[in-house]
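# Fold and contact review
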Amino acid sequence: MEDESHPSQGVSVKVLEASLLSALKMLDVGKWPIFSLCSQEELKLIRQACVFGSAGNEVLYATENDEVFVLGMNCSGCLGTGDMQSTIEPRRLDSLCGKKIACLSYGSGPHVVLATEEGEVYTWGHNAYSQLGNGTTNHGFIPCQVSTNLVNKKVIEVACGSHHSMVLTSDGEVYTWGYNNSGQVGSGSTANQSIPRRVTSCLQNKIVVNIACGQMCSMAVVENGEVACGYAHTLVLTDEGQVYAWGANSYGQLGTGNKSNQSYPTTVLVDKDRVVEIAACHSAHTSAAKTQSGQVYMWGQCRGQSVILPHLTHFACTDDVFACFATPAVMWRLLSVEPDDHLTVAQSLKKEFDNPETADLKFLVDGKYIHVHKVLLKIRCEHFRSILTNDEEVIEMSEFSYPVYRAFLEYLYTDNIRLPPEDAIGLLDLATLYRENRLKKLCQQTIKQGICEENAIALLSAAVKYEAQDHQWMSWFSCPGCSMWCAKLQNALLPSSLQPQLRKGHSETASEEHSKASFIQHMGESL
């Protein structure tokens, strides 16, 4: 009867979790100065982050366990901690922990707008112009959900200008609120908007796919393409990989080779290669782009210099441009770790162990199945190369326990063993039988490193169970220093045929503590 539960299930889960985490790249946030306040242990846990604020002095980040922390100056309560106290140590935002963050943007106050993967919207921080969308002008010191006019709407993208906010829903609708002195909320007037309002007029019956905000402007893309807004300039990327720009150009942020403002879209010659990503941020006069071949370019205000044409950098991503050259050093988007879908050969083999969907052979051990692949067993093990044919579908194994045989088969897929020292003794016997010398060394190392006072008796019992006389398990029993403990163990653990070997040469003078220490020491040395 097939039984999916087994003693090593907990170990397997841990192995799976570890492999999933190893498939994630560690988020590289070290280029932003504010992260120097975090320890290396804290940095290793970060999976999402956004640095914001007038001087890049605030940050929100989420860990691998979906815990959310904030750090920094806390201007206008923009950290959401319930007060306006600055902090140089990370503070946990309990109200957001467990809510998977999908996107985040921020204004100049600053105020923060965040959307979860469930499509919920939360806002907090500066609110003098109703940019939090809660119907008031009171600053928000804790994250609060914005639901007015967004009930049953799933928000998939957010954007913030200096003091206004904008969201995009899954059905292509756009909602705005906040400061409106230049008509940036698209309501048809210049009155501030205190709650979310759908933008109709020119967007009526259109499906919006991308949004962006400058300091006092809003942009929306329909059908396809991409848009990014700087302080007072705009970049767009067409579906053909071409970049256009317009707006303010006092720092060369349009990349046109001069500093003349442009009132209409102008071609930006980034490279002969196709552009796949553009980047700008409403708080900076910096622009960046990434090509299909992975080259990153920057232009505009770069550390005080005016770069009027796209300049090839050594960076691997556009985020690094803003960390190292933008003023202030903020993030233009929520920076997130993406799973690396590419698996190496070793990772692929490890993943396929005990996979019933691809296996062509099953071992039945202690009533439980282990799914494997004949070709891999033949490649990896001389024993299987000599006995396996194309006809077998199920092989019953009674010589070894399920944990031991499973560990052996997993070793053929991973080159590692993961089992307690007591079972490693059985695996050591198996490795000897199958003439797997490298596996023998791994078993010996596992047993030797795992010997302690608490498990010494269990190890000796296992050695007797597997009849491991050929591994020198009995050679140290005649040691005088071990006599007292050996005498206590012999009747309970050893067959009568072996007991005379223990009595020979026993000393009656050793203390029990000394006997224990000697027993464990010799057990390790025998390996």
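Residues numbered from 1 in each chain as written. Predicted model: local features only at pLDDT ≥ 70, side-chain atom pairs only at ≥ 80, totals over all residues. Heavy atoms only, no water.

Moving on, we get to the overall build of the protein. What the protein contains, in helices and strands, is 13 helices and 26 strands. Scored against the burial criterion, the 527 residues of the protein give a buried share of 50%. Considering only contacts in the protein between residues 6 or more positions apart, those separated by 24 or more positions represent 52%. Element-wise, carbon and sulfur atoms account for 50% of the exposed surface of the protein, whose accessible area totals about 25000 Å². (Helix = DSSP H or I, 4+ residues; strand = E, 2+ residues; numbered from the N terminus. Buried < 20%, exposed > 50% of the residue type's maximum accessible area, 1.4 Å probe, protein only. Contact = heavy atoms within 4.5 Å. Areas by Shrake-Rupley, 256 points an atom, 1.4 Å probe, with all protein chains shown as cover.)

Another aspect to go through is the sheet that holds strand β12 (residues 193-198). Taking strand neighbours across the sheet as the criterion, the four strands line up as β9-β10-β11-β12 in an open arrangement whose pairing is antiparallel. Of all strands in the sheet, those with a lone pairing partner are β9 (155-160) and β12, marking the two edges. Direction aside, neighbouring strands of the sheet carry axes that sit 15° apart on average. (Pairing = 2+ DSSP bridges. Axes fitted to C-alpha atoms, helices over the stretch in contact; angles between N-to-C directions.)

Here we come to the nonpolar core. Ranked by internal contacts, the top residues of the largest apolar core, which has 65 residues, are V29, W32, F35, L60 and M331. Ignoring sequence-local partners within four residues, the contact set of F35 consists of V29, L43, I46, A49, V51, V59, Y61 and M331. Counting residues in each nonpolar core, the second largest holds 37 residues, with F353, Y413, L430 and I447 among its members. (Core = buried A, V, L, I, M, F, W, Y, C linked by side-chain atoms within 4.5 Å.)

Looking at the secondary structure, you find Q145 in strand β8 (residues 140-145). For Q145 and Y122, which are 23 residues apart along the polypeptide, the C-alpha to C-alpha distance reads 4.3 Å. Filtering out sequence-adjacent residues up to four positions away, Q145 remains in contact with E120, V121 and Y122.

The next point concerns the side chain of D319. Looking at the secondary structure, you find D319 in helix α3 (residues 318-324). A polar contact is formed between the side chain of D319 and the side chain of R333, at a distance of 2.8 Å. Ignoring sequence-local partners within four residues, the contact set of D319 consists of W32, W332, R333 and L335. (Polar contact = N/O pair within 3.5 Å; in protein donor to acceptor, adjacent residues only side chain to side chain.)

Time to look at helix α7 (residues 402-414). For α7, built from 13 residues, the straight-helix expectation of 18 Å at 1.5 Å per residue is met to within 8% by its first-to-last C-alpha distance of 18 Å. Burial of α7 is extensive: twelve of the 13 residues sit out of reach of the surface. Downstream of α7 by one or two residues, D415 has phi in the positive range, about 70°. (Expected span 1.5 Å × (residues − 1).)

Another point: the pattern of salt bridges. Within this structure, the stated rule accounts for 17 salt bridges. One salt bridge connects K31 with D320, and the closest N-O pair in it is separated by 3.6 Å. Note that K31 is positioned in the loop between α1 (9-22) and α2 (40-45) and D320 in helix α3, a separation of 289 residues in sequence. Taking relative accessible area as the criterion, D320 reaches 7% and is therefore assigned buried. Here D94 ties to R92 by a salt bridge, and the two come within 2.2 Å at their closest N and O atoms. On the accessibility criterion, D94 (53% relative accessible area) is exposed. (Salt bridge = Lys/Arg side-chain N within 4 Å of Asp/Glu carboxyl O.)

All right, on to the sheet that holds strand β20 (residues 286-291) then. Pairing is antiparallel in the open sheet, where four strands are placed in the order β19-β20-β21-β22. The outermost strands of the open sheet, each flanked by one partner alone, are β19 (275-280) and β22 (305-312). Across this sheet, the average inter-strand angle for adjacent strands is 10°, counted without regard to direction. Across five bridges, the pairing between β19 and β20 is antiparallel. From the neighbouring strand, A279 faces β20, where its bridge partner is A288.

Now for the pairing of β19. With respect to burial, β19 is a largely interior element, five of its six residues being buried. In sequence, β19 turns back onto β20 through a hairpin of five residues.

Looking at the protein, pLDDT values average 85 and 80% of them are 70 or higher. Taken as a whole, residues 488-495 scores under 50 in pLDDT and shows 19 contacts with residues more than four places along the chain or in a different chain. For the stretch residues 501-510, pLDDT sits under 50, and the model shows 18 contacts to residues farther than four places along the chain or on other chains. (pLDDT = per-residue confidence, 0-100.)

Time to look at the environment of G135. For G135, the location among the structural elements is in the loop between β7 (121-125) and β8. G135 sits in the partly exposed class, given a relative accessible area of 42%. Considered as a pair, G135 and P196 are 61 residues apart in the sequence and their alpha carbons are 9.0 Å apart. Not counting the four nearest positions on each side in its chain, G135 is found in contact with S194 and I195.

So, on to the pairing of strand β16 (residues 233-237). Put simply, side chains in a regular strand alternate between the two faces of the sheet. In terms of burial, β16 is a largely internal element, five of the five residues being buried. By the alternation rule, side chains of β16 split into H233, L235 and L237 and T234 and V236, which are all buried. In terms of strand pairing, strand β15 (residues 226-229) meets β16 through four bridges, oriented antiparallel. Across the sheet, the residue bridging to V227 is V236, located in β16. Bridge count for β16 against strand β17 (residues 243-247) is five bridges, and the pairing is antiparallel.

Now for unusual backbone geometry. Omega for the peptide link from G109 to P110 comes to -5°, which places this bond in the cis form. Structurally, the position occupied by P110 is in the loop between β5 (101-106) and β6 (111-116). Note that the residue after T327, namely P328, is joined by a cis bond; omega there is 0°. Looking at the secondary structure, you find P328 in the loop between α3 and β23 (335-336). Non-glycine residue D66 carries a positive phi angle of around 65°. One can find D66 in the loop between β2 (58-63) and β3 (68-72).

Our focus in this paragraph is the environment of I156. One can find I156 in strand β9. By relative accessible area, which is 43% here, I156 ends up partly exposed. Considering only alpha carbons, one finds I156 and S170, 14 residues apart in sequence, at a separation of 5.9 Å. Non-local contacts of I156, meaning those with residues more than four positions away in its chain, are made with C103, L168, T169 and S170.

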